[in-house]
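# A structural walkthrough
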Amino acid sequence: MQEVPSSSERDAVFAALQQSKISLRSTSDNFHLVLSNDSGEELVYKFNQKTASVLVDRIQSGVTDFNPEYGNRQHYMPLDSGQEVLDVELYLDQSSAELFINKGMGVMTSQVFPRSPYTKMTIKNLAPSGIVEGIEVKELDNVWRKNPQVY
């Protein structure tokens, strides 16, 4: 997936996204990044420049029933409303997702407990103009395979 033009969406399927870095750049003022699996679980990031915020929706992200407050909340992070371009980096591991906006100007960490790894990434560009581009997914090295000793 190279880019997602305005008013469109694109999907990409992977073996697993749990040890990954997802990077993208966007001039769209309204787009979603959705990570999902074959079990119907999904972690959703909604980027909206009009409200100058990022919403993280983990309501259907996996196991959420261990606490009544955990799964029924959406989390928000404010964005700098003066930004015309958003640089997004999302780091995923087994149970956490760390979001970095514009080289750390905004940072958000979420815990998620999917029953199986997320294998599908969907980008929905909902804006009538602007593009989501520079989309890269890189597998990260697993520190436990390289060095099984814990210090």
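One can find the structure itself at the top, above this paragraph.
The present account deals with the structure reproduced in this document. (Residues numbered from 1 in each chain as written. Predicted model: local features only at pLDDT ≥ 70, side-chain atom pairs only at ≥ 80, totals over all residues. Heavy atoms only, no water.)

### Quick notes on the pattern of salt bridges
Any two side chains of opposite charge can pair, so long as their charged atoms come close to each other. Worth spelling out the cut-off: By salt bridge we mean one thing: a side-chain nitrogen of Lys or Arg within 4 Å of a carboxyl oxygen of Asp or Glu. Each helix corresponds to a stretch of at least 4 residues labelled H or I by DSSP, and each strand to a stretch of at least 2 residues labelled E; elements are numbered beginning at the N terminus. Burial classes follow relative accessibility: with a 1.4 Å probe on protein chains only, a residue under 20% of its type's maximum area counts as buried, one over 50% as exposed, and anything between as partly exposed.
Summed over all chains, the structure comprises five salt bridges. Asp11 is paired through a salt bridge with Lys120; the nearest N and O atoms lie 3.8 Å apart. Residue Asp11 is located in strand β2 (residues 8-13), and its partner Lys120 is located in strand β11 (residues 120-125); the two are separated by 109 residues in the primary sequence. Residue class for Asp11 comes out partly exposed when judged on its relative accessible area of 44%. For Arg115, the salt bridge is made with Glu41, and the minimal N-O distance between the two is 2.6 Å. Separated by 74 residues along the polypeptide, Arg115 in the loop between β10 (106-111) and β11 and Glu41 in the loop between β4 (30-36) and β5 (42-48) bring together distant segments of the chain. Looking at Glu41, the relative accessible area reads 5%, which means it is buried.

### Some words on the layout of surface pockets
As a reminder, the rule being used: Here a cavity means grid points, on a 1 Å grid over the protein atoms only, where a 1.4 Å probe fits yet cannot get out; a pocket means an open set of points with protein on both sides within 12 Å along at least five of seven lines; lining residues are those with an atom within 4 Å of a point. Grid points are joined across faces, edges and corners, and a volume is the space filled by probe spheres set on the points.
The space that makes up the largest pocket amounts to roughly 150 Å³. As for the largest pocket, its lining consists of Lys21, Ser23, Leu24, Arg25, Asp87, Val88, Glu89, Phe100, Lys103, Gly134 and Glu136. When residues of the lining of the largest pocket are traced back to their parent elements, those giving at least two are β3 (20-26), β8 (86-92) and β12 (132-139). A total of four residues in the lining of the largest pocket trace back to one element, the largest contributor, which is β3.

### Description of the packing of aromatic side chains
Put simply, the test is: Stacked, edge-to-face and tilted labels apply to pairs of Phe, Tyr and Trp rings (six-membered ring for Trp) whose centres lie within 6.5 Å, assigned for plane angles under 30 degrees, over 60, and everything in between, in that order.
Using the criterion set out here, one finds three aromatic pairs in the structure. The interplanar angle of 85° and the centroid separation of 5.6 Å between the aromatic rings of Phe66 and Phe113 together place this pair among those described as edge-to-face. Separated by 47 residues along the polypeptide, Phe66 in the loop between β6 (53-57) and β7 (74-78) and Phe113 in the loop between β10 and β11 bring together distant segments of the chain. The exposure class of Phe66 is partly exposed, given its relative accessible area of 48%. On the accessibility criterion, Phe113 (28% relative accessible area) is partly exposed.

### Brief notes about the pairing of β6
How we decide: Strands pair, by our definition, only if DSSP identifies at least two bridges between them.
Of all the five residues making up β6, five are buried; the element is thus mostly covered by neighbouring parts of the structure. A two-sided burial pattern is seen for β6, the buried positions comprising Ser53, Leu55 and Asp57 on one face and Val54 and Val56 on the other. Inspection of the sheet shows β5 paired to β6 by five bridges, in the antiparallel sense. Looking at β6, one finds that Phe47 is bridged to Val54. From the end of β5 to the start of β6, which pair antiparallel, there are four residues, and Ala52 there has a positive phi angle of about 50°. The sheet contact formed by β6 and β7 spans five bridges and is antiparallel. Looking across to β7, one finds that Asp57 is bridged to Gln74.

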